[in-house]
Amino acid sequence: MDLRIFTEPQQGASYDTLLTVAKATEDLGFDGFFRSDHYLRMGDGDGLPGPTDAWITLAGLARETSRIRLGTLMTAATFRLPGVLAIQVAQVDQMSGGRVELGLGAGWFEEEHKAYGIPFPKDRFARLEEQLAIITGLWATEVGKTFDFRGKYYELTDSPALPKPAQAKIPVLIGGHGATRTPRLAAEYADEFNMPFASIEDSERQFGRVREAAERVGRGPDDITYSNALVVCVGRDDQEVARRAAAIGREVAELKENGLAGSPAEVVDKIGRYAEVGARRIYLQILDLSDLDHLELISSQVRGQLV
């Protein structure tokens, strides 16, 4: 089971804070550091010092780390034109030596679009599908050849399809709860399917839908990696769990129900139940980025039991 650290910087984090967490992620043996792609805090608070851009952040981290995978859960397709995003991600992949992964979603948080003057179209899923076709098509085009695309929302003509990533193929992550369109899109484009903040039962159901969709397009059962993103709150005893829950404004009982919370043994057991329904990777949502002791505890007493 791969364990990756997943952060929500829009809640209030500077680049220096993210760098500290990313370096701890690498030093403590986790597989990757991922971040959300949002420009506005959710819930109460001031969000200071303000948002950081996902791909600018990852470019910096690409030069400051050497082993961990780097990526987004999920980049909003509404934020960037597909040709521009393909260039950005390929460049960061080069800067990292081939350690980048692209999670791409339709975008959903209307308030952040209003706050920063970003269009929020109604037909976001259809636009996402064209973006996936364009980005993967640009990367797959042989050097010396050109790429063309004629869609409803985007047109590319005689694109040199450069630069190329360092990796032969940048892994593409698609996720979500949708019962029909999401599995179809994952079957066509995803190297990994992520189920965010879902129960074991809902994850099993959605993983099954994606497998069925993948089979319909001729993909094998192991062609897609299945993963979950879950909030984590681990403590050596009940008091420590309660303290960490209070620090992120959550209740222990709710965290145990909807995330990975409790003692290391409890968390290992619950991860095992996700593994039983097909999860091979867990993104641990860390909401208190100042608590590096939390990462150390998870590494030594949770990760250590799963490797």
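This structure is a prediction, so every number in the text was calculated from the model and none was measured.

How each quantity is defined
- Residues numbered from 1 in each chain as written.
- Predicted model: local features only at pLDDT ≥ 70, side-chain atom pairs only at ≥ 80, totals over all residues.
- Heavy atoms only, no water.
- Core = buried A, V, L, I, M, F, W, Y, C linked by side-chain atoms within 4.5 Å.
- Buried < 20%, exposed > 50% of the residue type's maximum accessible area, 1.4 Å probe, protein only.
- Helix = DSSP H or I, 4+ residues; strand = E, 2+ residues; numbered from the N terminus.
- Contact = heavy atoms within 4.5 Å.
- Axes fitted to C-alpha atoms, helices over the stretch in contact; angles between N-to-C directions.
- Parallel < 35°, antiparallel > 145°, perpendicular 65-115°, else oblique.
- Nonpolar A, V, L, I, M, F, W, Y, C, P; charged D, E, K, R; others polar.
- Polar contact = N/O pair within 3.5 Å; in protein donor to acceptor, adjacent residues only side chain to side chain.
- Salt bridge = Lys/Arg side-chain N within 4 Å of Asp/Glu carboxyl O.
- Pairing = 2+ DSSP bridges.
- Right-handed = clockwise from strand over helix to strand, strands pointing away.

Student: When you look at the nonpolar core in this model, what are you seeing that I'm missing?
Tutor: Considering soluble globular proteins, one finds that nonpolar side chains tend to be buried as a cluster. Counting residues in each nonpolar core, the largest one holds 77 residues, and the members touching the most others are Trp 55, Trp 139, Leu 284 and Val 302. It is helix H5 (residues 124-140) that contributes the most residues to this core, 7 residues altogether. If we ignore the near neighbours within four places in the chain, the residues touching Leu 284 are Leu 3, Arg 4, Ile 5, Phe 6, Phe 30, Leu 230, Val 232, Leu 260 and Ile 298.

Student: Explain the packing of H5 against helix H6 (residues 181-189) here, please?
Tutor: In a pair of packed helices, the angle between the axes and the distance between the axes together describe the arrangement. Relative to each other, H5 and H6 sit at 5 degrees, their axes nearing to 11 Å. When the interaxial angle is binned, H5 and H6 end up roughly parallel. In contact with Phe 125, Leu 128, Glu 129, Leu 132, Ala 133 and Thr 136 of H5, H6 contributes Arg 181, Thr 182, Arg 184, Leu 185, Glu 188 and Tyr 189. Looking at the contact of H5 with H6 residue by residue, the class counts come to 6 nonpolar, 2 polar and 4 charged.

Student: Got a minute to help me understand the environment of Arg 4 in this structure?
Tutor: Examined against the element boundaries, Arg 4 turns out to sit in strand E1 (residues 2-7). On a C-alpha basis, the gap between Arg 4 and Thr 72 in space is 12 Å, while along the polypeptide they are 68 residues apart. Setting aside chain neighbours within four positions, we find Arg 4 in contact with Asp 31, Gly 32, Phe 34, Arg 69, Glu 101, Glu 192, Arg 281, Ile 282, Tyr 283 and Leu 284. In terms of polar contacts, Arg 4 uses its side chain to reach the side chain of Glu 101, at 2.9 Å.

Student: It is not clear to me how the pattern of salt bridges should be interpreted in this structure. Could you clarify?
Tutor: Between side chains of opposite charge, a pair can form as their charged atoms come close. Applying the stated criterion across every chain, the model contains 24 salt bridges. A salt bridge links Arg 80 to Asp 53; its shortest N-O distance comes to 2.9 Å. On the criterion of sequence distance, the pair formed by Arg 80 in the loop between strand E4 (75-76) and helix H3 (82-96) and Asp 53 in the loop between strand E2 (32-35) and helix H2 (54-64) is long-range, its members being 27 residues apart. According to the relative accessible area criterion, Arg 80 is buried, its value standing at 9%. In this structure, the salt-bridge partner of Asp 202 is Arg 205, at a minimum N-O distance of 2.7 Å. Of this pair, Asp 202 and Arg 205 both sit in helix H7 (residues 200-216), 3 residues apart, which is roughly one turn of that helix. The exposure class assigned to Asp 202 is partly exposed, which follows from its relative accessible area of 34%. For Arg 205, a relative accessible area of 45% gives the class partly exposed. Beyond isolated ion pairs, a larger network of salt bridges with shared partners links Arg 236, Glu 240, Arg 243, Arg 244, Asp 291, Asp 293 and Glu 296.

Student: Looking at this structure, how should I read the pairing of strand E5 (residues 100-105)?
Tutor: On a regular strand, one side chain projects to one face of the sheet and the next to the other, so that they alternate. Extensive coverage of E5 is indicated by the burial of 6 of its 6 residues. Where burial is concerned, the two faces of E5 agree: the one with Val 100, Leu 102 and Leu 104 and the one with Glu 101, Gly 103 and Gly 105 are both buried. Two strands pair when backbone bridges link them, and strand E3 (residues 69-72) and E5 are joined in this way by 2 bridges, in the parallel orientation. Directly across from Gly 71, in E5, lies its bridge partner Glu 101. Strand direction decides the pairing type here: E4 and E5, joined by 2 bridges, are parallel. Opposite Ala 76, over in E5, you have Gly 105 as the bridge partner. With H3 bridging E4 and the parallel E5, this β-α-β connection has right-handed handedness.

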